[in-house]
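Chain by chain, the residues run as shown.
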Amino acid sequence: MTTGAIAPKVLALSWPLVLGNLLQTAYNLADIFWVGRVGSDAVAGVSLMFPLSWMFVSTAVGLTAATIALVSQYVGADDRRKADHVVAQTVLLALGVSAVLATLGFLFREELLALMGAEDAVFDAALAYIEVIFLTLPLTFLFFAFRAALQGAGDTRTAMWLVFISAGMNVIIDPFFILGWGPLPEMGTRGAGWATFVARAFAAGTGIVILLRGGFGVKLYLRDLAPDPTLLKKLVDVGYPATLDGWARSFASVAMAAFVTPFGTAAIAAYGIGIRLMSVTWSVAGAVGQAAATGVGQNLGADTPDRARRVTWVATAGTMAMLFVAGGICILVPEFLIGLFDDSADTVAEGRTFLTVIAPFWGFFGGTMVIQGAFRGAGQTKVAMALSVLARWVFRIPIALALAFSFTITVPVLDLQIAALDLGVIGVWASFAIGAFVTFLLAAFWFSLGRWAEGVIDDDAVDETGAASTEQSESSSGLQADSETEVNTDD
């Protein structure tokens with residue numbers, strides 16, 4: 001990434017990650033597609049769980065991003081033994097954290113659904129689904145640990161192929177569990193959960209076997225599973241910025257889902273389908289953002305900040321152009337896209353409105369994600385996190401409240417009354433669009449200031465800058481470029 005034409009190198013770094021991210025997205029799309037054959041209540045129930053599921057994924061990403069940083073440094077220093085020790089401690093941490101989250105989630109599952117506003121048939125559908133998904137959490141965390149370990153060692157393709165196989169398995173077995181094909185009873189949303197459980201059990205189990213056998217750059221030794229408090233603390237310290245970033249996004253998504261709930265089943269179902277369609281674009285933008293992070297990190301390490309800047313703008317422009325085209329296609333055929341998942345007239349109508357309002361702004365979502373990746377590549381993890389917080393908690397949620405609902409606020413002293421516009425659920429949709437546009441402008445301005453280029457991260461700085469400085473540490477350790485690209489994705 002430090003020499004030659006920029007666009008082809010960004011593309012070469014991005015495509016394995018794009019494919020891997022899209023395959024991960026296939027899990028959710030497959031569930032929604034087959035659940036849509038059950039009914040709108042089932043779609044709404046599964047849709048309501050998407051933000052909560054992403055919160056757990058964000059936690060796993062944060063923890064294992066630290067693994068990428070540490071493993072890559074030890075491999076680069078040719079200290080394989082310490083790299084293997086990090087892998088074992090990551091597995092231990094993943095199991096411990098996921099077990100706690102799964103237990104708490106299962107114990108308070110009904111309270112969580114009530115907090116999100118689920119009622120009646122939607123509540124029942126969501127409950128049946130989430131009870132199984134909580135059991136799946138340790139498997140999800142274990143797979144992320146496996147993927148991070150291999151990526152730190154310089155192998156991104158093995159995990160990609162494993163995701164491909166497990167996602168394909170999920171797509172195939174979904175109708176058997178959900179609709180009762182073959183010898184299995186019809187289980188509805190609970191069946192969607194069990195199909196995901198089986199697919200992820202395969203992926204996690206195969207990943208652990210690969211680590212135990214070795215031969216992919218790192219190996220898992222059972223004797224290393226004894227807790228190492230110092231290393232566990234380092235994993236947490238390095239990974240927490242990415243985790244907090246993901247949580248800020250996830251809690252905001254939960255809040256937005258709660259805003260949609262009062263407007264009925266059709267709105268909830270349309271929201272779930274629309275968000276999953278958007279998640280395809282986030283997968284692409286997230287992958288390009290990771291490639292941009294690698295490019296920025298390598299060029300700052302090579303003391304060529306001007307090229308780092310060009311890498312970012314080329315990646316941003318290309319991503320935005322692609323997503324604007326994708327959004328235009330959605331505007332042309334919204335009924336077809338929504339109808340693939342739920343063909344009820346009310347859901348299709350609401351979904352059409354969702355896409356009409358939000359799809360034209362997909363490019364701005366993607367542009368911000370790429371710029372955030374560049375900040376992470378420069379070690380500016382707090383800036384990337386600040387953009388996430390501002391996008392959701394300043395530019396989206398307050399706007400959704402002001403546009404969608406009916407209330408009046410009196411300003412003290414001035415005795416000034418400010419009334420919300422009460423536009424209904426379209427106000428929620430509009431808040432996504434407005435927030436995306438304003439956040440992109442802020443991100444582009446912030447990046448153009450150039451403060452991210454003032455320093456170059458060295459090997460010792462990783463503990464201070466967090467997981468997103470992985471790209472620099474990997475670059476300095478001499479790993480091949482494609483080992484540096486797969487760190488984190490989401491809106």
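Further up the page is the structure itself.
Because the structure is predicted, anything quoted here is derived from the model rather than measured.

Enquirer: Honestly, the overall build of the protein in this entry has me stumped. Any pointers?
Expert: Within the protein, the secondary structure is distributed over 19 helices and two strands. Taken over 491 residues, the protein has a buried fraction of 59%. Summarising the internal contacts of the protein: among those between residues at least 6 apart in sequence, 80% fall at separations of at least 24. Surface accessibility of the protein: about 18400 Å² in total, with carbon and sulfur atoms responsible for 67%.

Enquirer: Hey, could you run me through the nonpolar core in this one?
Expert: Grouped together as the largest cluster of nonpolar side chains are 129 residues, with contacts concentrated most on Met49, Leu211, Val218, Tyr271, Ile358, Trp362 and Trp429. Sorting elements by how many residues they give to this core places helix H6 (residues 120–152) first, with 18 residues. Within the second largest apolar cluster, eight residues are counted, among which are Val288, Ala291, Val311 and Val370.

Enquirer: Where do I start with the side chain of serine 166 in this structure?
Expert: Along the chain, serine 166 falls in helix H7 (residues 157–179). Given the relative accessible area of 1%, serine 166 is considered buried. Within the local environment of serine 166, its side chain forms a polar contact with the backbone oxygen of valine 163, the two atoms lying 3.2 Å apart.

Enquirer: Any chance you could explain the packing of helix H13 (residues 345–358) against helix H17 (residues 425–448) here in plain terms?
Expert: A pair of packed helices is captured by two measures, namely the crossing angle of their axes and the spacing between those axes. The geometry of H13 relative to H17 is characterised by a closest axis approach of 8 Å and an angle of 30 degrees between their N-to-C directions. Overall, the two elements H13 and H17 adopt an arrangement that is roughly parallel. As for the relative orientation of H13 and H17, their crossing is right-handed in sense. Facing H13, whose interface residues are Glu350, Thr353, Phe354, Val357 and Ile358, H17 presents Val425, Ile426, Trp429, Ala430, Phe432 and Ala433.

Enquirer: Could you clarify how one ought to interpret helix H8 (residues 189–213) in this entry?
Expert: A turn of α-helix holds 3.6 residues, and therefore any two residues three or four places apart point the same way. The terminal C-alpha atoms of H8 lie 36 Å apart, and with 25 residues this matches the ideal 36 Å at 1.5 Å per residue to within 8%. Directly beyond the C-terminal end of H8, a positive phi value near 75 degrees is found at glycine 214.

Enquirer: Is there a simple way to explain the packing of helix H9 (residues 229–260) against helix H15 (residues 381–394) in this structure?
Expert: Close contact between H9 and H15 brings their axes to 9 Å; oriented N to C, the two are set at 5 degrees. Accordingly, the angle class assigned to the pair H9 and H15 is roughly parallel. Of H15, the residues touching H9 (which contributes Pro241, Leu244, Asp245, Ala248, Arg249, Phe251 and Ala252) are Thr381, Ala384, Met385, Ser388, Val389, Arg392 and Trp393. Of the residues belonging to the contact of H9 with H15, the class tally is nine nonpolar, two polar and three charged.

Enquirer: Can you help me understand unusual backbone geometry in this one?
Expert: Among all residues save glycine, negative phi is the norm, and among peptide bonds the norm is trans. The residue aspartate 120 is not glycine, and still its phi comes out positive at about 55 degrees. Turning to its location among the elements, aspartate 120 is positioned in helix H6. Its relative accessible area of 64% is what places aspartate 120 among the exposed residues. Of note, the phi angle at aspartate 422 is positive, near 55 degrees, even though the residue is not glycine.

Enquirer: How should I be thinking about the pairing of strand E1 (residues 408–411) in this particular structure?
Expert: Regular strands have side chains that alternate between both faces of the sheet. Alignment of E1 against strand E2 (residues 416–419), held across four bridges, turns out to be antiparallel. What sits directly across from threonine 410, in E2, is glutamine 417. In this structure, the hairpin formed by E1 and E2 is closed by a connection of four residues, where valine 413 is found at a positive phi of approximately 70 degrees.

Enquirer: Explain a nonpolar patch on the surface here, please?
Expert: On the surface, Phe33, Val325, Ile329, Leu332, Val333, Phe336 and Leu340 cluster together into a nonpolar patch covering about 650 Å² of accessible area. By secondary structure assignment, the location of phenylalanine 336 is in helix H12 (residues 334–339).

Enquirer: Would you mind showing me how to read the packing of aromatic side chains here?
Expert: Here a ring pair, both rings aromatic, is described through the centre-centre distance and the interplanar angle of the planes. Within the structure shown, the criterion is met by 20 aromatic pairs. With 4.8 Å between their ring centres and 75 degrees between their planes, phenylalanine 354 and tryptophan 429 make a pair best called edge-to-face. With a gap of 75 residues between them, phenylalanine 354 in helix H13 and tryptophan 429 in helix H17 connect regions that are remote in the sequence. For the residue pair phenylalanine 354 and tryptophan 429, the accessibility class agrees, reading buried in each case. A cation over an aromatic ring shows up here: arginine 81 above the ring of tyrosine 221, its NZ or CZ 5.1 Å from the ring centre.

Enquirer: What am I meant to see in the pattern of salt bridges here?
Expert: A side chain with one charge can pair with a side chain of the opposite charge if their charged atoms come near. Under the counting rule described, the total for this entry stands at six salt bridges. The shortest N-O distance in the salt bridge between arginine 190 and glutamate 131 comes to 3.1 Å. With arginine 190 in helix H8 and glutamate 131 in helix H6, this residue pair connects regions lying 59 residues apart in the sequence. Using a relative accessible area of 14% as the deciding quantity, one classes glutamate 131 as buried. Arginine 309 is the partner of aspartate 306 in a salt bridge, and the nearest nitrogen-oxygen pair spans 3.0 Å. Taken together, the positions of aspartate 306 and arginine 309, both in helix H11 (residues 305–332) and three residues apart, correspond to about one turn of that helix.

Enquirer: Would you take a moment to explain the environment of isoleucine 329 for this structure?
Expert: As for its position among the elements, isoleucine 329 is in helix H11. Separated by 30 residues in sequence, isoleucine 329 and alanine 359 have C-alpha atoms that sit 8.9 Å apart.

The rules behind the values
Residues numbered from 1 in each chain as written. Predicted model: local features only at pLDDT ≥ 70, side-chain atom pairs only at ≥ 80, totals over all residues. Heavy atoms only, no water. Helix = DSSP H or I, 4+ residues; strand = E, 2+ residues; numbered from the N terminus. Buried < 20%, exposed > 50% of the residue type's maximum accessible area, 1.4 Å probe, protein only. Contact = heavy atoms within 4.5 Å. Areas by Shrake-Rupley, 256 points an atom, 1.4 Å probe, with all protein chains shown as cover. Core = buried A, V, L, I, M, F, W, Y, C linked by side-chain atoms within 4.5 Å. Polar contact = N/O pair within 3.5 Å; in protein donor to acceptor, adjacent residues only side chain to side chain. Axes fitted to C-alpha atoms, helices over the stretch in contact; angles between N-to-C directions. Parallel < 35°, antiparallel > 145°, perpendicular 65-115°, else oblique. Left-handed = near helix turned anticlockwise from the far one by under 90°. Expected span 1.5 Å × (residues − 1). Nonpolar A, V, L, I, M, F, W, Y, C, P; charged D, E, K, R; others polar. Pairing = 2+ DSSP bridges. Patch = residues over 30% accessible without salt bridge, like charges linked within 9 Å, V, L, I, M, F, W, Y side chains within 5 Å. Salt bridge = Lys/Arg side-chain N within 4 Å of Asp/Glu carboxyl O. Phe/Tyr/Trp six-rings, centres within 6.5 Å; stacked < 30°, edge-to-face > 60°. Lys NZ or Arg CZ within 6 Å of the ring centre and 35° of its normal.

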